[in-house]
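Architecture and fold: a report
Chain residues, written in single-letter form:
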Amino acid sequence: WETGQLYEKPPPPDDDDDFFAILENTVEALRSPTLADAISEGKYGQASRLMRGGLVSESKIRLAANALMDSMPEEEEDRALYKAAESFRLFLRILDVLDAEVEAASRPSL
């Protein structure tokens, strides 16, 4: 729904390297000139679409982060898992705020 196209679930990644690649691609996408140009040129609708399905896929981020947390060794699970889960939750909140701001900016002011 984020791009106006029907969602097709991607195949799950095979290993931790694939999960890390998803997260690294997300960081690169958030730093991309395409997104920066859309924002600096005031194309907030386009920027919102890029952030929600175009360049960034929240479902892929969730899949990768949750799978990595699930793969943590049991002896490290308590504190490390808590820190990872809290960091991930914070990232999702920041992403939501950023998207909400861009979406609000894309609407005509009254």
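Above: the structure in question.
A short tour of the structure in this document, coming up. Not measured: the values here are computed from a predicted model.

Let us look at the overall build of the protein chain. Each helix and strand in the protein chain was counted, giving 5 helices and 0 strands. In the protein chain, the succession of helices and strands from N to C terminus is α-α-α-α-α. In the protein chain, which comprises 110 residues, the share counted as buried stands at 25%. Considering only contacts in the protein chain between residues 6 or more positions apart, those separated by 24 or more positions represent 68%. Only carbon and sulfur atoms are counted for the fraction: they give 54% of the accessible area of the protein chain, which is about 7900 Å².

This part takes up the packing of helix 2 (residues 33-40) against helix 3 (residues 44-54). Think of two packed helices as two axes; the pair is described by the angle between the axes and how far apart they sit. Two elements in contact, helix 2 and helix 3, have axes separated by 7 Å at closest approach and are oriented at 150°. It follows that helix 2 is roughly antiparallel to helix 3 by the angle criterion. Considering how the two elements wind past one another, helix 2 and helix 3 form a crossing that is left-handed. Taking contact as the criterion, the partners of Thr-34, Leu-35, Ala-38 and Ile-39 in helix 2 are, on helix 3, Tyr-44, Gln-46, Ala-47, Leu-50 and Met-51. Tallied by class, residues from the contact of helix 2 with helix 3 come to 7 nonpolar, 2 polar and no charged.

Taken as a whole, the second largest pocket encloses approximately 170 Å³ of empty space. For the lining of the second largest pocket, the secondary-structure elements that each account for two or more residues are helix 1 (16-30), helix 4 (58-70) and helix 5 (77-106). Among the elements that make up the lining of the second largest pocket, the one with the highest residue count is helix 5 (4 residues). Across the lining of the second largest pocket, the residue classes tally to 8 nonpolar, 1 polar and no charged.

Glancing now at a negative patch on the surface. A cluster of acidic residues, Asp-17, Asp-18, Glu-24 and Glu-28, forms a negative patch on the protein surface. With respect to the helices and strands, Glu-24 occurs in helix 1.

Secondary-structure assignment places Glu-58 in helix 4. Setting aside residues up to four positions removed in sequence, Glu-58 forms contacts with Arg-52, Leu-92 and Asp-96.

This part is about the nonpolar core. A general tendency of soluble globular proteins is for nonpolar side chains to be buried together. The biggest cluster of nonpolar side chains holds 14 residues, and the ones touching the most others in it are Leu-35, Ala-47, Met-51, Ile-61 and Phe-88. Of all the elements in the fold, those that place two or more residues in this core are helix 2, helix 3, helix 4 and helix 5. The dominant element in this core, judged by the number of residues it contributes, is helix 5, at 4 residues. Ignoring sequence-local partners within four residues, the contact set of Leu-35 consists of Ala-29, Leu-30, Ala-47, Leu-50, Met-51 and Leu-55. Core analysis: the second largest hydrophobic core is formed by 5 residues, Phe-19, Ile-22, Ala-64 and Ala-67 among them.

Conventions used here
- Residues numbered from 1 in each chain as written.
- Predicted model: local features only at pLDDT ≥ 70, side-chain atom pairs only at ≥ 80, totals over all residues.
- Heavy atoms only, no water.
- Helix = DSSP H or I, 4+ residues; strand = E, 2+ residues; numbered from the N terminus.
- Buried < 20%, exposed > 50% of the residue type's maximum accessible area, 1.4 Å probe, protein only.
- Contact = heavy atoms within 4.5 Å.
- Areas by Shrake-Rupley, 256 points an atom, 1.4 Å probe, with all protein chains shown as cover.
- Axes fitted to C-alpha atoms, helices over the stretch in contact; angles between N-to-C directions.
- Parallel < 35°, antiparallel > 145°, perpendicular 65-115°, else oblique.
- Left-handed = near helix turned anticlockwise from the far one by under 90°.
- Nonpolar A, V, L, I, M, F, W, Y, C, P; charged D, E, K, R; others polar.
- 1 Å grid on protein atoms, 1.4 Å probe; cavity = no way out; pocket = protein on both sides within 12 Å on 5 of 7 lines; lining within 4 Å.
- Points joined across faces, edges and corners; volume = space filled by probe spheres on them.
- Patch = residues over 30% accessible without salt bridge, like charges linked within 9 Å, V, L, I, M, F, W, Y side chains within 5 Å.
- Salt bridge = Lys/Arg side-chain N within 4 Å of Asp/Glu carboxyl O.
- Lys, Arg positive; Asp, Glu negative; His and termini not counted.
- Charge placed at Lys NZ, Arg CZ, Asp CG, Glu CD.
- Core = buried A, V, L, I, M, F, W, Y, C linked by side-chain atoms within 4.5 Å.

In short, shape yes, function no, at least from these values alone.
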